[in-house]
2 protein chains.
Amino acid sequence: MNKKAIISGKNWSASDYAEGILRGDRVVLSRAITLVESSRPEHRELAQQVLEKCLPHSGNSFRIGITGPPGVGKSSFIEAFGNYIVQEQGYKLAVLAIDPSSQVSGGSILGDKTRMEKLSLESNAFIRPSPAGSSLGGVANCTHESMLLCEAAGFEMIFIETVGVGQSETAVAGMVDFFMLLLLPGAGDELQGIKRGIVEMADILAVNKADGDRIELAKSARKDYAQALHLFSEKPSGWLPKAVTCSANSGEGLPEIWKLIADYQAIVKLNGWFNENRKAQLAAWFSSQLEQSIHRFFFENPVVKSALEAQKQAVLEGKISPTNAAHQLLDLFLKSLPK
Amino acid sequence: MNKKAIISGKNWSASDYAEGILRGDRVVLSRAITLVESSRPEHRELAQQVLEKCLPHSGNSFRIGITGPPGVGKSSFIEAFGNYIVQEQGYKLAVLAIDPSSQVSGGSILGDKTRMEKLSLESNAFIRPSPAGSSLGGVANCTHESMLLCEAAGFEMIFIETVGVGQSETAVAGMVDFFMLLLLPGAGDELQGIKRGIVEMADILAVNKADGDRIELAKSARKDYAQALHLFSEKPSGWLPKAVTCSANSGEGLPEIWKLIADYQAIVKLNGWFNENRKAQLAAWFSSQLEQSIHRFFFENPVVKSALEAQKQAVLEGKISPTNAAHQLLDLFLKSLPK
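Heads up: these notes are all about the structure in this document.

Procedures and definitions
Residues numbered from 1 in each chain as written. Chains lettered and ligands numbered in written order. Predicted model: local features only at pLDDT ≥ 70, side-chain atom pairs only at ≥ 80, totals over all residues. Heavy atoms only, no water. Contact = heavy atoms within 4.5 Å. Buried area = accessible area lost by both parts, 1.4 Å probe. Salt bridge = Lys/Arg side-chain N within 4 Å of Asp/Glu carboxyl O. Polar contact = N/O pair within 3.5 Å; in protein donor to acceptor, adjacent residues only side chain to side chain. Helix = DSSP H or I, 4+ residues; strand = E, 2+ residues; numbered from the N terminus. Nonpolar A, V, L, I, M, F, W, Y, C, P; charged D, E, K, R; others polar. Expected span 1.5 Å × (residues − 1). Bend = angle between axes of the 7 residues up to and from the residue. Buried < 20%, exposed > 50% of the residue type's maximum accessible area, 1.4 Å probe, protein only. Phe/Tyr/Trp six-rings, centres within 6.5 Å; stacked < 30°, edge-to-face > 60°.

Below, the discussion takes up the interface of chain A and chain B. The interface of chain A with chain B comprises 41 residues on the first partner and 41 residues on the second. Summing both sides of the interface, chain A and chain B together bury roughly 3,700 Å²; the carbon and sulfur share of this comes to 74%. The interface formed by chain A and chain B holds 0 salt bridges in total. Run the count over chain A and chain B and you get 12 residue pairs in polar contact (both at pLDDT 80 or more). Looking at the side of chain A that touches chain B, the elements that each hand over two or more residues are α4 (41–54), α7 (136–152), α12 (273–299), α13 (302–316) and α14 (322–336) of chain A. Tallying contributions element by element places α12(A) first for the side of chain A that touches chain B, with 15 residues. Among the residues making up the side of chain A that touches chain B, the classes are represented as 22 nonpolar, 11 polar and 8 charged.

In a regular helix each residue adds 1.5 Å, so 15 residues correspond to 21 Å; helix α13 (residues 302–316) of chain B covers 22 Å between its end C-alpha atoms and thus fits that length. Along α13(B), the largest kink reaches about 35 degrees and is centred on B:Leu308. The complete set of buried residues in α13(B) reads B:Val304, B:Ala307, B:Gln311, B:Ala314, B:Val315 and B:Leu316. Packing partners of the buried residues in α13(B) comprise α12 of chain A together with α12 (273–299) and α14 (322–336) of chain B.

Bringing the packing of aromatic side chains into the picture now. All names here are of chain B. Under the defined criterion, the tally for this structure stands at 29 aromatic pairs over all chains. Seen in terms of ring centroids, Phe62 and Phe274 are 6.3 Å apart; in terms of plane orientation they differ by 10 degrees. Their pairing is stacked. With Phe62 in strand β1 (residues 62–67) and Phe274 in helix α12, this residue pair connects regions lying 212 residues apart in the sequence. What makes Phe62 buried here is its relative accessible area of 2%. Each ring, one from Phe81 and one from Tyr84, has its centre 6.4 Å from the other, and the planes form 10 degrees; the classification is stacked. Taken as a pair, Phe81 and Tyr84 lie in helix α5 (residues 74–88) at a separation of 3 residues, close to a single helical turn.

Right, dumping it as structure tokens:
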């Protein structure tokens, strides 16, 4: 590729992107993720070509989902735990953060420099906030694909951060090897508005901000959560979820969390769950992509678009049965397809 | 129609069916429901024609969903409450029972004569057990359509009975005006394995078998349930769910339940919820019919059928990305359509 292309990124071919990613160039990786996130058809197509080239080099990371209620200190935790992993353990770490607040603007408002100041300066760390996009399926897909690109670029640890509200946690849990829930001290067993379903997905419940005069509160919260965990049945992974305390400020508890993650990895790689789960996740992703493609193909058809509302009205006025209305719409759709 | 056709039901036209239904002929109604339940394409088409003719005469009933755990005495309750409604209140009642046990045989094994002996002899009652079918969407659709036919035949009250396991309750709640949950005395607040979501859908919790030496137990259970109901927020219908006791054996509590249903009807017809809910249900039914049609149209395509497994394998082996695999399958599908 010529020098101008290197600087501007314009007219890059799929090979240009793939080569840059495979040699670990973070600027190229970042641009490729932008491509993956784009909804423009020509970008979509190029992104798929880049992905196909990177696919054989992906999969070699450990994927960790991190969530928690607003205010629990997710960014500070990732900054502290990320630095521990990069500096003390010598891993290359990529952080993908899904930012629901950017749904309106279309671009992310998270300044990663200010959110994770030290981590963003590490040459072995890559931090990427992503807009939440207009649909959950869209987010899940972009994040999944971005993760594969990070893996191809040589990142051995991937954090996927979500805000602990809405349904993005389920989507994230469907693409990671390990799921972590951060909680605040002093909220007892009400689980801070976190849905039980999210608690059940967690492999670690970590009570954050266990420092200063909150240490006792955090310890007591940890005990409550540990007891609550006993009510859940054993996970199909064979892992018994743990409750711990930690502090992003003091660094307390971070080595213990790292140790638990290492234990988990050893167990699930030995008992086969690791591979089994990855295959199941891939199959589910394919299934959901297929459903989305069919859905989009039908509902974005101009003929369907213009006839849908009238058919719905006819149903509501009792002029036609829902089944017949659906069949008629399908017929219109079929006739509209290019011969 | 000629006499032979009347007896055999063969070669009946949509008009033959519709005329029979509209004059309240229970044999014709029963055959029309069999048609609606059939999966044969020629039956499906005829069924839709019959439905279109009956549609303008449907909707004039009050629809009640009744569920509860196995052993709670749903059939006995419906027998007793149904007789009360038909004999004491003078209504024409149709009972549609979804029978999950008949999924394998394809036909229903519920003998309505033995289950609801007295009610089945009433000329103003119509009892129809239905096979659960192979898919939840299928059941919901058949039951919904059968209900419309019963309404066109002049039945003013419809009971839809489901066994309180699985997800059919949600489907049934999506097609009725009022939802009733039967419970056993003496099971305290554990709600007898009934999911909380089902309890939240109920407009009445009725503790059945409140007779003999179980009266005190039933009263105490009713009190527990009444307290539990306070934890739920008010329903969008403006109705506050009630907990009552009743006995299919002694008839105790049946007039009170009837009174509550009348109160409910008065409230929701006055505040607009009744119509609003019916419209929302119709819109949801149309939406789900449309999704099912598109899904079936794609996945029953022979080209898709034969290529799907190979594409899935390629995804699992990392040879192709899920997005690309989905697009390729969609392309194959498009090329397979008749020009």
